[in-house]
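# Fold and geometry: a report
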Amino acid sequence: MKRLRQEIASVMEGGQVPTRDQIKKMPYLACVIKESLRLYPPVPLNNREAVRTTILPIGGGPEGDKPMLVRKGELVVFSQYVNSRKKNIFGSDAYDFRPERWESGELESIRWAYFPFSGGPRQCLGEDFAQMEVSYTIVRILQTFSLIKLPVGEPNEPVGSERQRLTLVLLSAEGCKVEVRV
Ligand code: HEM
C-alpha cells in the first residue's frame, strides 16, 4: 500500500482526478491489479466445446505433460483460478499477494497460465476499459482516504481459506470489509 501511495503521489499533483495518460505512468498499480486478478479472477472458469477431434500438446498422462486426445463434442474446462494457485507455475509463494512478481521477469515464460480476460478471437472486449476503470477507482480511493485497514475484530483470512461465492463470476462471499479514514 505504501509503495502504491508513493507511485500515485509522484505522478499526480495533489488530489486531482487521474487522466488515462497519468494512469499509464503507474506501473506498480498495473502490477497490483494484475496480482488481484490472478488470485481473484472474476471469471474463474471457462470452457470450450471441440468442433473437431484434436490432440492438445500437453495435459495428458499422469503428470499432465503428455499429449491429450479431445474428441469432437467434448467440453474442455479451463480455470484461471486453479492455474493461479499452482506452485509449479507461480512458485512456492503462489498463495501470497505479491505484485512485484509481475515486474521481476520471473513470470516471462508462463504464456497461457495467465488469462483473466481470456484470449484469442473471443478475448474480452472490455479489457482496456476495465483496467482503466479499476485503476481510476483505486487512485481515487487512495487519494480520498489516508487510512485503509482491516476493521478491529475482522479476521485476516489467508489466501485459500477465504469464503467465496461462485455465480457466473467469482465474488467474495462476505464482501470486503475495510475501515477508512479521510
Ligand atoms: C475485470 C473485469 C473483466 C473481466 C475479468 C472480464 C473477463 C472476460 C472473459 C474471461 C471473457 C471471455 C468469456 C468467454 O470466453 O466466453 C470476456 C468476454 C467479454 N467481455 Fe469481459 N471482462 C471484464 C470486463 C468487461 C467490461 C467492462 C466489458 C465491457 C465494457 C466487457 C466486455 C466483454 C465482451 C463484449 C465479451 C465477449 C467477447 C466475445 O465473445 O467476442 N468485459 N470478458
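Residues numbered from 1 in each chain as written. Predicted model: local features only at pLDDT ≥ 70, side-chain atom pairs only at ≥ 80, totals over all residues. Heavy atoms only, no water.

A few words on the environment of R111. Inspection of the secondary structure puts R111 in the loop between helix 5 (87–90) and helix 6 (127–144). A sequence separation of 92 residues divides R111 from T19, and the C-alpha atoms of the two residues are 31 Å apart. (Helix = DSSP H or I, 4+ residues; strand = E, 2+ residues; numbered from the N terminus.)

Moving on, we come to the pattern of salt bridges. Applying the stated rule across the entire model yields 14 salt bridges. A salt bridge links R98 to D93; the shortest N-O distance between them is 2.5 Å. Owing to a relative accessible area of 24%, R98 belongs among the partly exposed residues under this scheme. When salt bridges with common partners are traced through the structure, they connect E35, R38, D93, R98, R101 and E106 into a single cluster. (Salt bridge = Lys/Arg side-chain N within 4 Å of Asp/Glu carboxyl O. Buried < 20%, exposed > 50% of the residue type's maximum accessible area, 1.4 Å probe, protein only.)

The interhelical angle for the contact between helix 1 (residues 2–11) and helix 3 (residues 27–39), taken along N-to-C directions, is 140°, at an axis separation of 8 Å. The orientation of helix 1 with respect to helix 3, classified from their angle, is oblique. Packed against helix 1, whose contacting residues are R3, L4 and E7, the element helix 3 presents P27, Y28, L29 and V32 at the interface. Looking at side-chain class alone, the contact of helix 1 with helix 3 contains five nonpolar, no polar and two charged residues. (Axes fitted to C-alpha atoms, helices over the stretch in contact; angles between N-to-C directions. Parallel < 35°, antiparallel > 145°, perpendicular 65-115°, else oblique. Contact = heavy atoms within 4.5 Å. Nonpolar A, V, L, I, M, F, W, Y, C, P; charged D, E, K, R; others polar.)

Here the focus is the environment of N47. With respect to the helices, strands and loops of the structure, N47 is situated in strand 1 (residues 45–49). Once the C-alpha coordinates of N47 and V76 are considered, the two residues, 29 residues apart in sequence, prove to be 5.4 Å apart. If we ignore the near neighbours within four places in the chain, the residues touching N47 are L75, V76, V77 and F78.

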